[in-house]
Amino acid sequence: YHDSGSGQVCVQCEATCATCAGPTGNDCQTCTDGSQYVWKTTVGAAGGNCNAADGGTGDCPTTHYHDSGSGQVCVQCEATCATCAGPTGNDCQTCTDGSQYVWKTTVGAAGGNCNAADGGTGDCPTTHYH
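Residues numbered from 1 in each chain as written. Predicted model: local features only at pLDDT ≥ 70, side-chain atom pairs only at ≥ 80, totals over all residues. Heavy atoms only, no water.

Trainee: Describe the overall build of the protein chain, naming the residues involved and giving the relevant values.
Mentor: Counting its regular elements, the protein chain contains zero helices and nine strands. The order of α-helices and β-strands along the protein chain, N terminus first, is β-β-β-β-β-β-β-β-β. Per-residue burial over the protein chain gives 28% buried out of 130 residues. Summarising the internal contacts of the protein chain: among those between residues at least 6 apart in sequence, 15% fall at separations of at least 24. (Helix = DSSP H or I, 4+ residues; strand = E, 2+ residues; numbered from the N terminus. Buried < 20%, exposed > 50% of the residue type's maximum accessible area, 1.4 Å probe, protein only. Contact = heavy atoms within 4.5 Å.)

As structure tokens, this is what we get:
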């Protein structure tokens, strides 16, 4: 990576990073172990961590989703989602508030929304079924 604070200096990436955007293990763009995913906390972050907590499965945990447009990258679910299938609040598979239902617009949809309009009843409204 280019160390802008040192003028025209190129510095080798941290050991776990095959390519990087900066000096730390949280700046990896790809990992030295190609089977590991780069773990990002936000969509579009320049880099992430290669110390995957995948238990050796080689896949993203349910708290992250695989960002197929970025190669081997796992990105943390949106805050309202405990588990997810994608980047938005409409991709939740389970909610951070376990009492809420996931609101899907169609049967079989990969995910839904956790911002329940149940009026605090904890059940589906008459416009939806459980």
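Trainee: Go over the sheet that holds strand β5 (residues 38-40), please, and point to the residues and values.
Mentor: By definition, the strands of a sheet pair up through backbone hydrogen bonds, in either a parallel or an antiparallel sense. The strand order across the open sheet formed by three strands is β5-β7-β6, and the pairing between neighbours is mixed. Looking at which strands have only one partner, the edges of the open sheet turn out to be β5 and β6 (64-66). Strand-to-strand twist across the sheet, computed as the mean angle between neighbouring axes with direction ignored, equals 25 degrees. Bridge analysis of β6 against strand β7 (residues 73-76) gives three bridges, and the strand direction is antiparallel. Looking at the pairing, Tyr65 lines up with Val75 of β7. (Pairing = 2+ DSSP bridges. Axes fitted to C-alpha atoms, helices over the stretch in contact; angles between N-to-C directions.)

Trainee: Tell me what's going on with the pairing of β7, and back it up with residues and numbers.
Mentor: Where β5 meets β7, three bridges bridge the pair, whose relative direction is parallel. Bridged to Val38 within β7 is Val73.

Trainee: Now, about the nonpolar core: what can you tell me, with residues and values included?
Mentor: Cys17, Val38, Cys50, Cys81 and Cys84 are the most contacted members of the largest nonpolar core, which totals 16 residues. Those elements that place two or more of their residues in this core are β3 (17-20), β4 (28-31), β7, β8 (81-84) and β9 (92-95). Beyond its immediate stretch of four places on either side in the chain, Cys84 contacts Thr62, His64, Tyr65, Cys77, Asp91, Cys92 and Gln93. (Core = buried A, V, L, I, M, F, W, Y, C linked by side-chain atoms within 4.5 Å.)

Trainee: Provide a residue-level description of the environment of Trp39, including the pertinent values.
Mentor: With respect to the helices, strands and loops of the structure, Trp39 is situated in strand β5. As for Trp39 and Tyr65, which are separated by 26 residues in sequence, their C-alpha atoms are 9.8 Å apart.

Trainee: Which residues make up the state of the cysteines, and what values do they have?
Mentor: Applying the stated criterion across every chain yields a total of four disulfides. One disulfide in the model links Cys81 with Cys92; its S-S distance is 1.9 Å. A torsion of -65 degrees about the S-S bond marks the disulfide between Cys81 and Cys92 as left-handed. Placement of Cys81 in strand β8 and of Cys92 in strand β9 is noted, with a sequence separation of eleven residues between them. (Disulfide = S-S within 2.5 Å.)

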